[in-house]
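# Fold and geometry: a report
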Amino acid sequence: MNSVRFGIDQLLTAPPWSPGRRYGLVTNAAARWSQAPPRSSREALQSAGFNLVRLFSPEHGLDANAADGAAIADGHDPLTGLPVVSLYGDQLRPPRASLADLEAVLLDLPDIGTRFYTYIWTLSHVLEACADAGVPLVVLDRPNPLGGDLATAEGPMLDAERHASFLGRAALPICHALTMGELARLWNSEWNRRAQLEVIPCAGWHRSMRWPATGLPFVPTSPAMPSYESARLYPGLGLFEATNLSVGRGTAQPFQVLGAPWLRAPTLVAHFKAHAMPGLTLEAFDFTPTQNPFANARCAGVRLRVTQDAHVRPVAAGLRLLSAIINSHRAEFQWVTYPTTANPSGAGHFEKLIGRAGIREMLPTGPDHLEEQIRAWTDVTGWAERVQPHLLYT
């Protein structure tokens, strides 16, 4: 038996609520119990006798395999026979009518510890909807794959007044080091929502544990998040989605590689050697993605590899690489829009990702002057003190 158990495991072991109550469940296929054989949370709950009457699905759909940003329609789950209300299509928040006949809503979604990964913002909308409808919300918690050591949290902190979106609705750093349950507790308090919130915590997980330490397989959380290695670098390489470079979507190494037909990889590798990033190596790595930009075109590229996980600061690394590419490819590099269902125009995508204005304009600064700026941008002073009352793990 695994030493780390998820909230779903804890609920099934000793359910504190009557399985006969009418439940809604916010989930997707990536949410599974930790035990063998592999089983989805929705199937495990239904088999245990929980009276699930309705499912709600986030971005990427119930199967967790829809394209990034694609609208998802309401549907029907062949596995459980239940109707599915999409929370990434015509609405991002559960309609009040979809909650009216429920006695509680369960939420079991995996997260990857990055502010602009949208599952946490689905949680935020569900929390608000349940509070308004007077329906209890029960979050079945899961580990943060990037760990919970607050010393590894990495900004910038989102300027929620100017750059709020479905990539960020509250002042969080990019790497927040919290679990879904802790985020729900934080928002319920700071937003004064007064939701009837209960969090069923994990067992056996400690803040120092990144995903490999759990000993559990990493279940792909979306099409471009197939591995812990991709999740580990996503907070930095995800910033390149606002540029005309490929981040490896449609390859076996999404968010571990960067490239374009025009990229001069040796120049970038040489820059890395002169301005090393802690815990990382960079090597030339050509690839051919099957998705845009540059679908089916050979890209000259580079690959980041983690050599010392504890020392990696992915946001700082991403900003350094972005600056290096801008400075060495001024004729080729471009900022681009990134249309999605939540942001149809795709405008301002970099600011929505990075969380504040002014950084885009300063990235062409030379590396000697950029280091101090990156330290200031990624600083999260006060974050640990702010979230301390809402922590569930040591």
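Figured I'd write up the structure that's included with this text. None of these values were measured; they are calculated from a predicted model. (Residues numbered from 1 in each chain as written. Predicted model: local features only at pLDDT ≥ 70, side-chain atom pairs only at ≥ 80, totals over all residues. Heavy atoms only, no water.)

## What about the overall build of the protein?
- Within the protein, the secondary structure is distributed over 14 helices and 12 strands.
- In terms of C-alpha radius of gyration, the protein reaches 21 Å, essentially the compact-globule figure of 21 Å for 394 residues.
- Dimensions of the protein, computed from C-alpha atoms along their principal axes, come out at roughly 65 × 45 × 45 Å.
- When each of the 394 residues of the protein is scored for burial, the buried share is 57%.
- Nonlocal contacts in the protein, meaning residues at least 24 apart in sequence, comprise 74% of its contacts between residues at least 6 apart.
- Carbon and sulfur atoms form 51% of the exposed surface of the protein, whose accessible area is close to 15,000 Å². (Helix = DSSP H or I, 4+ residues; strand = E, 2+ residues; numbered from the N terminus. Rg over C-alpha atoms; globule rule 2.2 N^0.38 Å. Buried < 20%, exposed > 50% of the residue type's maximum accessible area, 1.4 Å probe, protein only. Contact = heavy atoms within 4.5 Å. Areas by Shrake-Rupley, 256 points an atom, 1.4 Å probe, with all protein chains shown as cover.)

## Examining helix H10 (residues 314-328)
- A rise of 1.5 Å per residue sets the reference length of H10, with its 15 residues, at 21 Å; its end C-alpha atoms lie 21 Å apart and thus fit the reference within 8%.
- Burial analysis of H10 places 13 of its 15 residues in the buried class, which makes it a mostly covered element. (Expected span 1.5 Å × (residues − 1).)

## Section: the state of the cysteines
- A complete count under the given rule lists zero disulfides for this structure.
- Cysteine Cys-130 remains unbridged, with the sulfur of Cys-202 as its closest cysteine sulfur at 20 Å.
- Classification of Cys-130 as buried rests on a relative accessible area of 1%.
- Left without a disulfide partner, Cys-202 is nearest to the cysteine sulfur of Cys-175, which lies 19 Å away. (Disulfide = S-S within 2.5 Å.)

## Topic: the sheet that holds strand E6 (residues 137-140)
- Strands sit in the order E3-E4-E2-E1-E5-E6-E9 across an open sheet of seven strands; the sheet is mixed. Every interior strand has two partners, whereas the edge strands, strand E3 (75-76) and strand E9 (197-200), have only one.
- Inspection of the sheet shows E6 paired to E9 by four bridges, in the parallel sense. Following the sheet pairing, Val-139 is matched in E9 by Val-199.
- Along the sheet face, helix H4 (residues 119-133) touches strand E1 (22-27), strand E5 (104-108), E6 and E9 and points at about 155° away from the line of E6.
- Across the sheet, helix H6 (residues 180-190) touches E5, E6 and E9, and the angle it forms with E9 is around 160°. (Pairing = 2+ DSSP bridges. Axes fitted to C-alpha atoms, helices over the stretch in contact; angles between N-to-C directions.)

## Quick notes on the sheet that holds strand E12 (residues 300-306)
- Read across the open sheet, the three strands follow the order E10-E12-E11; overall the sheet is antiparallel. Looking at the sheet topology across the chains shown, the edges are occupied by strand E10 (257-260) and strand E11 (280-284). The sheet shows a mean angle of 15° between the axes of neighbouring strands, direction not considered.
- Bridge count for E11 against E12 is five bridges, and the pairing is antiparallel. Residue pairing for E12: Leu-282 is matched across the bridge by Leu-304.
- The strands touched by helix H8 (residues 228-237) within the sheet are E10, E11 and E12, with E12 carrying the most contacts at an inclination of about 120°.

## Topic: the pattern of salt bridges
- Per the stated rule, a full pass over the model turns up 19 salt bridges.
- With a shortest N-O distance of 2.4 Å, Arg-232 and Asp-309 are connected by a salt bridge. Separated by 77 residues along the polypeptide, Arg-232 in helix H8 and Asp-309 in the loop between E12 and H10 bring together distant segments of the chain.
- Note on Arg-232: relative accessible area 5%, which makes it buried.
- Each of the salt bridges in this network shares a partner with another, and the network as a whole consists of Arg-22, Arg-54 and Asp-101. (Salt bridge = Lys/Arg side-chain N within 4 Å of Asp/Glu carboxyl O.)

## Concerning empty space enclosed by the protein
- Applying the stated criterion across every chain, the model contains two cavities of 30 Å³ or more.
- One number sums up the size of the largest cavity: a volume of about 100 Å³.
- In terms of lining, the largest cavity is formed by 15 residues, of which the most central are Leu-146, Thr-152, Ala-153, Cys-175 and Arg-232.
- Each residue belonging to the lining of the largest cavity can be placed in one class, and the counts come to six nonpolar, five polar and four charged. (1 Å grid on protein atoms, 1.4 Å probe; cavity = no way out; pocket = protein on both sides within 12 Å on 5 of 7 lines; lining within 4 Å. Points joined across faces, edges and corners; volume = space filled by probe spheres on them. Nonpolar A, V, L, I, M, F, W, Y, C, P; charged D, E, K, R; others polar.)

## Digging into H8
- The buried fraction of H8 amounts to nine of the 10 residues, a majority that puts the element mostly inside the structure.
- Taken as a whole, H8 has its buried residues at Tyr-228, Ser-230, Ala-231, Arg-232, Leu-233, Tyr-234, Pro-235, Gly-236 and Leu-237.
- Summarising the contacts, the buried residues of H8 are in contact with strand E8 (173-175), helix H7 (211-214), E10, E11, E12 and H10.

## Regarding the pairing of strand E4 (residues 83-86)
- Across three bridges, the pairing between strand E2 (residues 51-57) and E4 is parallel. Bridge pairing links Phe-56 to Val-85 in E4.
- In terms of strand pairing, E3 meets E4 through two bridges, oriented antiparallel. The residue of E4 that forms the bridge with His-76 is Pro-83.

## Some remarks on the side chain of Ser-41
- Summarising the element assignment, Ser-41 is placed in helix H2 (residues 41-47).
- Under the relative-accessibility criterion, Ser-41 is labelled buried at 0%.
- Here Ser-41 is in contact with Ile-8, Thr-27, Ala-31, Arg-32, Trp-33, Asp-108 and Arg-142, once residues within four sequence places are set aside.

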